[in-house]
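One letter stands for each residue in the lines below.
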Amino acid sequence: MTSDRSADAVHGGPDESGAAPHDFSTNGNAVGSCPAAVAAIRAADAAHYPDPRYTALRARLARFHGVATERIVIAASASELIHRISAAVAQGGGSQVWLPAHSYGDYERAAQAWGLQSVRAPASHASAALRWCCEPSSPLGQAQADLVQHAESTNGICVLDMAYEPLRLEGRASLDAAQRDRVWQLWTPNKAMGLTGIRAAYAIAPDGEDAVPLLQRLDRLAPSWPLGMHGVALLETWTGDEAQAWLAQSLQTLRVWKAEQRAVCELLGWHCLPSDGNFFCARTDRSYPPLAAALRAEGIKLRDCASFGLPSHVRLGVLPPQSQQALKEGWTRATASNEH
């Protein structure tokens, strides 16, 4: 089964009008920006290049995760590494990439850019050179039912996107530590730190010699200094006790806000889907696209899920109560106006 889904870049967040005051379309930590990370970024020495090998940063990340330093790959962002991994697989002779039924669009965009065929059928992963997994999943925020099977498979390369694991509000991870050591882990802490404008990410290679060829290829494909000093400061701070304590406290707040936000959406007549993350999808009582402009004029933005293969659904990041009230009032006015 070959995907015919558009590979245009569709993202939540700011648009040509800037950032919406009540932006439900992106999934950063709505509690705010981590104070320790903000302080470190402001203090970063941007007058000099970072170490091109990121020696101290890679060692720090390795200690944080309890892995060998040589398993750490520094990236400009998750999207950059998605493209770099896809390029490396294509260089290695791969021809197919397996994607979940609903997934982040950059997986498919990167595959198309490097001439790789995207497949989504459940059984088709056996022949794929590269398999993308994500948990909590995007856009649904749910557990990936076949994740253990992917982790234990010896066919191809499996990458587990961990973008939302630090913002998990419910449930538990499907893989234990030993199973995670069998897959590539992609980490993007800027969401959890509430600083999505700072682009910085890293991957942890699987444990074992089988990962060495791809590690070497990724190193050759990497640009010089993929991270500037501000990205280095973010990742260094992410591993510290102060930032982790702040994150744990923010998750408590987000759990309360999430319950309240689901109640608001249900009051609007929407059907909210289950989610373990700091976001969820909902089937709305009216089609979102015809209302998008009116809502945007009121400072409200939702993430239309059509590009994820979920028409008639929107994804909402969890926001504070004042934004939830704005959504309730704005949606009510927009739908009433659309009827006339």
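What counts and what doesn't
Residues numbered from 1 in each chain as written. Predicted model: local features only at pLDDT ≥ 70, side-chain atom pairs only at ≥ 80, totals over all residues. Heavy atoms only, no water. Helix = DSSP H or I, 4+ residues; strand = E, 2+ residues; numbered from the N terminus. Rg over C-alpha atoms; globule rule 2.2 N^0.38 Å. Buried < 20%, exposed > 50% of the residue type's maximum accessible area, 1.4 Å probe, protein only. Contact = heavy atoms within 4.5 Å. Areas by Shrake-Rupley, 256 points an atom, 1.4 Å probe, with all protein chains shown as cover. Lys, Arg positive; Asp, Glu negative; His and termini not counted. Charge placed at Lys NZ, Arg CZ, Asp CG, Glu CD. Pairing = 2+ DSSP bridges. Right-handed = clockwise from strand over helix to strand, strands pointing away. 1 Å grid on protein atoms, 1.4 Å probe; cavity = no way out; pocket = protein on both sides within 12 Å on 5 of 7 lines; lining within 4 Å. Points joined across faces, edges and corners; volume = space filled by probe spheres on them. Nonpolar A, V, L, I, M, F, W, Y, C, P; charged D, E, K, R; others polar. pLDDT = per-residue confidence, 0-100. Axes fitted to C-alpha atoms, helices over the stretch in contact; angles between N-to-C directions. Disulfide = S-S within 2.5 Å. Phe/Tyr/Trp six-rings, centres within 6.5 Å; stacked < 30°, edge-to-face > 60°.

### Brief notes about the overall build of the protein chain
When helices and strands are tallied, the protein chain shows 11 helices and 13 strands. Taking 340 residues into account, the globule formula puts the C-alpha radius of gyration at 20 Å, and the protein chain, at 20 Å, falls close to it. For the protein chain, the spread of C-alpha atoms along the three principal axes comes to 65 × 50 × 35 Å. The 340 residues of the protein chain split such that 53% are buried. Across the protein chain, every contact between residues at least 6 apart in sequence was considered, and the portion connecting residues at least 24 apart equals 77%. On the protein chain, roughly 14,700 Å² of surface is accessible, and the fraction owed to carbon and sulfur atoms is 51%. One finds the centroid of the 30 positive side-chain charges in the protein chain at a distance of 0 Å from the centroid of its 34 negative side-chain charges.

### Topic: the pairing of strand 6 (residues 157-161)
The side chains of a regular strand alternate between the sheet's two faces. Among the 5 residues in strand 6, 4 count as buried, and that is most of the element. Bridge count for strand 5 (residues 130-134) against strand 6 is 5 bridges, and the pairing is parallel. Bridged to Leu130 within strand 6 is Ile157. This β-α-β element, strand 5 to helix 5 (residues 147-152) to strand 6, shows right-handed connectivity.

### What about helix 4 (residues 105-113)?
Considered for burial, the residues of helix 4 that qualify are Asp106, Tyr107, Glu108, Ala110 and Ala111. Residues of helix 4 that are buried in the fold lie against helix 3 (78-91), strand 3 (96-98), strand 4 (117-119), strand 5 and strand 6. Looking one or two residues beyond helix 4, the residue adopting positive phi is Gly115, at roughly 70°.

### Observations regarding the layout of surface pockets
Of the voids in this model, the largest pocket is the one considered here, and its volume is about 930 Å³. Forming the boundary of the largest pocket are 49 residues, of which Gly12, Thr26, Asn27, Lys191 and Thr196 lie nearest the centre. Contributions of two or more residues to the lining of the largest pocket are made by strand 1 (22-23), helix 3, helix 4 and strand 13 (313-317). Residue classes in the lining of the largest pocket are distributed as 20 nonpolar, 21 polar and 8 charged.

### Side note on empty space enclosed by the protein
Throughout the structure, instances matching the rule amount to 1 cavity of 30 Å³ or more. Along its surface, the largest cavity is lined by Glu135, Leu147, Leu160, Met162, Glu165, Ala173, Ser174, Leu175 and Arg180. Here the lining of the largest cavity is built from residues that sort into 5 nonpolar, 1 polar and 3 charged.

### Digging into the confidence of the model for the protein chain
Averaged over every residue, the pLDDT of the protein chain is 93; the share at 70 or more is 96%. Counting interchain partners and residues more than four positions distant, the pLDDT-below-50 stretch residues 1-7 has 18 contacts.

### A few points about the sheet that holds strand 9 (residues 271-272)
The 4 strands are arranged 9-10-13-12 in an open sheet whose pairing can be described as antiparallel. One side of each edge strand has no neighbouring strand; the edge strands of this open sheet are strand 9 and strand 12 (303-304). Note that strand 10 (residues 279-283) and strand 13 share 5 bridges and pair antiparallel. Looking at strand 13, one finds that Ala282 is bridged to Val314. Its contacts with the sheet place helix 9 (residues 241-267) against strand 9, strand 10 and strand 13, and it is angled at close to 10° to strand 10.

### Considering the state of the cysteines
As enumerated under the stated definition, the model contains 0 disulfides in all. The structure places no disulfide on Cys134, whose sulfur is separated from the nearest cysteine sulfur, that of Cys133, by 8.8 Å. In this structure Cys158 is not part of a disulfide, and its nearest cysteine sulfur, from Cys133, lies 3.8 Å away. Here Cys158 falls in the buried class, since its relative accessible area comes to 5%.

### Observations concerning the sheet that holds strand 7 (residues 184-187)
In space, the 7 strands of this open sheet follow the order 2-8-7-6-5-3-4, with mixed pairing throughout. Among the strands making up the open sheet, the edge pair consists of strand 2 (72-75) and strand 4. Each strand axis lies, on average, 25° off the axis of its neighbour in the sheet, ignoring direction. By the bridge criterion, 3 bridges tie strand 7 to strand 8 (residues 201-204) in an arrangement that is antiparallel. By the bridge assignment, Leu186 is partnered in strand 8 with Ala203. The sheet contacts of helix 2 (residues 55-65) involve strand 2, strand 7 and strand 8, and relative to strand 2 the element is tilted by about 125°.

### A few points about unusual backbone geometry
Pro136 follows Glu135 through a cis peptide bond whose omega is -10°. Examined against the element boundaries, Pro136 turns out to sit in the loop between strand 5 and helix 5. The backbone of Tyr54 shows a phi angle near 50°, a positive value even though the residue is not glycine. Within the fold, Tyr54 resides in the loop between helix 1 (35-42) and helix 2.

### Some remarks on the packing of aromatic side chains
Under the defined criterion, the tally for this structure stands at 7 aromatic pairs. Look at Phe64 and Trp238: their rings are 5.6 Å apart centre to centre, the planes differ by 65°, and that puts the pair in the edge-to-face class. One end of the pair, Phe64, is in helix 2; the other, Trp238, is in helix 8 (residues 229-238), with 174 residues separating them in the sequence. Since its relative accessible area comes to 3%, Trp238 is described here as buried. Their ring planes at 0° and their centres at 4.8 Å tell us that Tyr107 and Trp132 sit as a pair that is stacked. Pair noted here: Tyr107 is in helix 4 and Trp132 is in strand 5, with a separation of 25 residues, a long-range link. Taken together through their ring pairs, the aromatic side chains of Phe64, Trp187 and Trp238 make up a single cluster.

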